[in-house]
Amino acid sequence: MTARGQETRKLTLSQAIDIAREGSVDAAVAINQLRSSYWEYRTYRAQYLPEVNFTATLPTYNKRYSAYQLTDGTYTFVRDNYLGLSGALSIDQNIPLTGGTLSLQTSLDFLRQLDSGAQNRYMSIPVALTLSQPIFGVNTLKWDKKIEPVRYREAQAAYLEATEQVAMSAISYYFNLLLAKVSVEVAEQNLDNAVRLAEVAKVQRNMGRISKNDSLQMELNVLDARSTLTSAQSTYKSSMFNLRSFLGFEDDVVIEAEVPEHIEFALVDYDDALQKALEYNDFSLNIRRRQLEADYSVAQAKGNLREITLYAQFGYTGTGQTFKAAYDPLKDNQVIQLGIQIPLLDWGKRRGQVKVAESNRQLVEAQLRQEAMNFRQDLFILVERFNNQQQQVLLAEGANDIAGRRYATNVETFVLGRISTLDLNDSQVKKDEARSDYIYQLYYYWYYYYQLRSLTLWDYALGTNIDADFDRLIKN
């Protein structure tokens, strides 16, 4: 019964699932995780685009004494007192093929001596082309190109799986409310019947048709029915609150859950489900990414065995006391440097790091094989449960109908004095159990169905894979 000021809202299972996917906290968490993965992917993609950088020192002031060596080898101290300005503009481009960096730069430095005879000095580098190239080291850009796209596709599949898990949570909350509602309805019906039958029992007792024990049992049934109804109403209110909170409804909304009547009965083939799961689920992408990361760790450890870096710069430079003189005439400015760092004695530290990385890779490979076996096993069990559950629903529906009709018949028979209270109570218990079991079987059917969707990312009703407009999701 709806209290004053409350709004009653009828809700089907499919509506509850749609609302949960749009407005629940779990759905918000899933979309934020997707957006975070998207920006990580965008950051990775930005590594392959030219980067424009400006660096400057505005200004530098220096007033101190510094050591200076004279021509005869002795040292003295000279006074530094100057003001400096510098600025540089560069366009930097990473080279995915080699892992190096190519930069096109231009810079200008200004120096003004502040002591007596102060003068200005300019130094310009109008253009310089610089290459920094690691040799023999691991090419991080190359590995990122292998790993990051897989990671982002895994995040997209994980989002789709999360939306199906939101649906599974909605199903649990919905059926908890539905079961509580049915329990209240059954308890109310049982209380009405208990009161009516207790009155009948009094009449029959006065007529000597039943024993005093049976008459007292009927009175006890009334008290038990009232207690059961109170407990059922409390559970109903709690289940209402949980579903309402999950869907984001206001506290004054009373949800009227409806028993799902339409069920799509279709047997699922395990091999077909496995093929879809390996193609669409994030599991196979997760396996691929972790294998690549393990391979990358080994390559990184091997690359640390020696470090050789090539640095080369080609360009022009000029100096002068005026800004114009710093650009005319220009002179060649070339630097070629090959840096080498090879450990001659590190007591096997770097070799040990390689062995550790290789051992970790073998461990990851073993874990991945075990996880793959568990995934296939869990999917096989789920397919079997789902296929069997369809039959269980039909059986529970038939049992519910028969138990209801049997109880109604026994009530009338008891009124006529032809059966005992034990038989009547037994039929009532069987009726209540059959009604609850039917709701439970429906719950398991829908839960298994959406669990199967979450693993295969396949819509069995529409016959197509589950997908989403990721661009729209990220921009909203």
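Details of the structure are given in the entry above.
Description of the structure in this document. (Residues numbered from 1 in each chain as written. Predicted model: local features only at pLDDT ≥ 70, side-chain atom pairs only at ≥ 80, totals over all residues. Heavy atoms only, no water.)

Some details on the pattern of salt bridges
Alright, step 1. In the structure shown here, the tally under the stated rule is 16 salt bridges.
Alright, step 2. Across the pair Glu 164 and Arg 21 runs a salt bridge whose closest N-O atoms are separated by 2.8 Å. Within this pair, whereas Glu 164 is found in helix H3 (residues 140–206), its partner Arg 21 is found in helix H1 (residues 13–23), the two being separated by 143 residues in sequence.
Alright, step 3. A salt bridge links Arg 289 to Glu 154; the shortest N-O distance between them is 2.5 Å. (Salt bridge = Lys/Arg side-chain N within 4 Å of Asp/Glu carboxyl O. Helix = DSSP H or I, 4+ residues; strand = E, 2+ residues; numbered from the N terminus.)

Digging into the environment of Val 415
Alright, step 1. Relative to the elements of secondary structure, Val 415 occurs in helix H7 (residues 349–415).
Alright, step 2. For Val 415, a relative accessible area of 27% corresponds to the partly exposed category.
Alright, step 3. Along the sequence, Val 415 and Arg 196 sit 219 residues apart, while their C-alpha atoms lie 9.6 Å from each other. (Buried < 20%, exposed > 50% of the residue type's maximum accessible area, 1.4 Å probe, protein only.)

Quick notes on the packing of aromatic side chains
For any pair of aromatic rings, the description consists of the separation of the ring centres together with the inter-plane angle of the planes.
Alright, step 1. In total, this model carries 25 aromatic pairs according to the counting rule given.
Alright, step 2. Between Tyr 270 and Phe 380, the aromatic rings sit 5.3 Å apart at their centres with planes inclined by 85°, giving edge-to-face as the arrangement. With Tyr 270 in helix H5 (residues 270–280) and Phe 380 in helix H7, the pair connects residues that are 110 residues apart, well separated along the chain.
Alright, step 3. On the basis of relative accessible area, Phe 380 is assigned to the partly exposed category, the value being 40%.
Alright, step 4. Here the aromatic residues Tyr 38, Trp 39, Tyr 41, Tyr 44, Tyr 48 and Tyr 152 are joined through ring pairs into a cluster of three or more.
Alright, step 5. Here the guanidinium or amino end of Lys 146 rests over the ring plane of Trp 143, the centre of that ring lying 4.5 Å away.
Alright, step 6. Its end group placed over the ring of Tyr 407, Lys 431 keeps NZ or CZ at 4.9 Å from the ring centre. (Phe/Tyr/Trp six-rings, centres within 6.5 Å; stacked < 30°, edge-to-face > 60°. Lys NZ or Arg CZ within 6 Å of the ring centre and 35° of its normal.)

Description of the packing of H3 against helix H4 (residues 212–247)
Alright, step 1. Put simply, H3 and H4 touch, their axes get as near as 7 Å, and they point 160° apart. Accordingly, the angle class assigned to the pair H3 and H4 is roughly antiparallel. Read as a crossing pair, H3 and H4 show a hand that is left-handed.
Alright, step 2. Here the residues of the contact of H3 with H4 sort into 23 nonpolar, 11 polar and seven charged. (Axes fitted to C-alpha atoms, helices over the stretch in contact; angles between N-to-C directions. Parallel < 35°, antiparallel > 145°, perpendicular 65-115°, else oblique. Left-handed = near helix turned anticlockwise from the far one by under 90°. Nonpolar A, V, L, I, M, F, W, Y, C, P; charged D, E, K, R; others polar.)

A word on the pairing of strand E2 (residues 51–69)
Alright, step 1. Here E2 pairs with strand E3 (residues 75–94) via 17 bridges, running antiparallel. Each bridged residue has a counterpart across the sheet, and for Ala 56 the counterpart in E3 is Gly 87.
Alright, step 2. Between E2 and E3, which pair antiparallel in sequence order, lie five residues; one of them, Gly 73, sits at a positive phi of approximately 95°. (Pairing = 2+ DSSP bridges.)

Examining a nonpolar patch on the surface
Alright, step 1. Together, Val 52, Phe 54, Leu 89, Ile 91, Leu 102, Leu 104, Val 127, Leu 129, Tyr 316 and Leu 330 line one region of the surface with nonpolar side chains, adding up to about 880 Å² of accessible area.
Alright, step 2. Mapped onto the nonpolar patch, the elements with two or more residues apiece are E2, E3, strand E4 (101–113) and strand E5 (120–135).
Alright, step 3. Tracing the sequence through the fold places Leu 129 in strand E5. (Patch = residues over 30% accessible without salt bridge, like charges linked within 9 Å, V, L, I, M, F, W, Y side chains within 5 Å. Areas by Shrake-Rupley, 256 points an atom, 1.4 Å probe, with all protein chains shown as cover.)

What about the environment of Arg 453?
Alright, step 1. Checked against the element boundaries, Arg 453 lands in helix H8 (residues 421–456).
Alright, step 2. With 239 residues separating them in the primary sequence, Arg 453 and Asp 214 have C-alpha atoms 53 Å apart.
Alright, step 3. Apart from the residues within four sequence positions on either side, Arg 453 is in contact with Arg 21, Glu 164, Trp 458, Asp 459 and Ile 466. (Contact = heavy atoms within 4.5 Å.)

With respect to the packing of H3 against H7
Alright, step 1. Look at H3 against H7: their axes get within 10 Å of each other, and the N-to-C directions meet at 20°. Looking at the two axes, H3 sits roughly parallel to H7. The chirality of how H3 crosses H7 is left-handed. Listed contacts from H7 to Asn 190, Asn 193, Arg 196, Leu 197, Val 200 and Gln 204 of H3 are Tyr 407, Val 411, Glu 412, Phe 414 and Val 415.
Alright, step 2. Taken together, the residues of the contact of H3 with H7 break down into six nonpolar, three polar and two charged.

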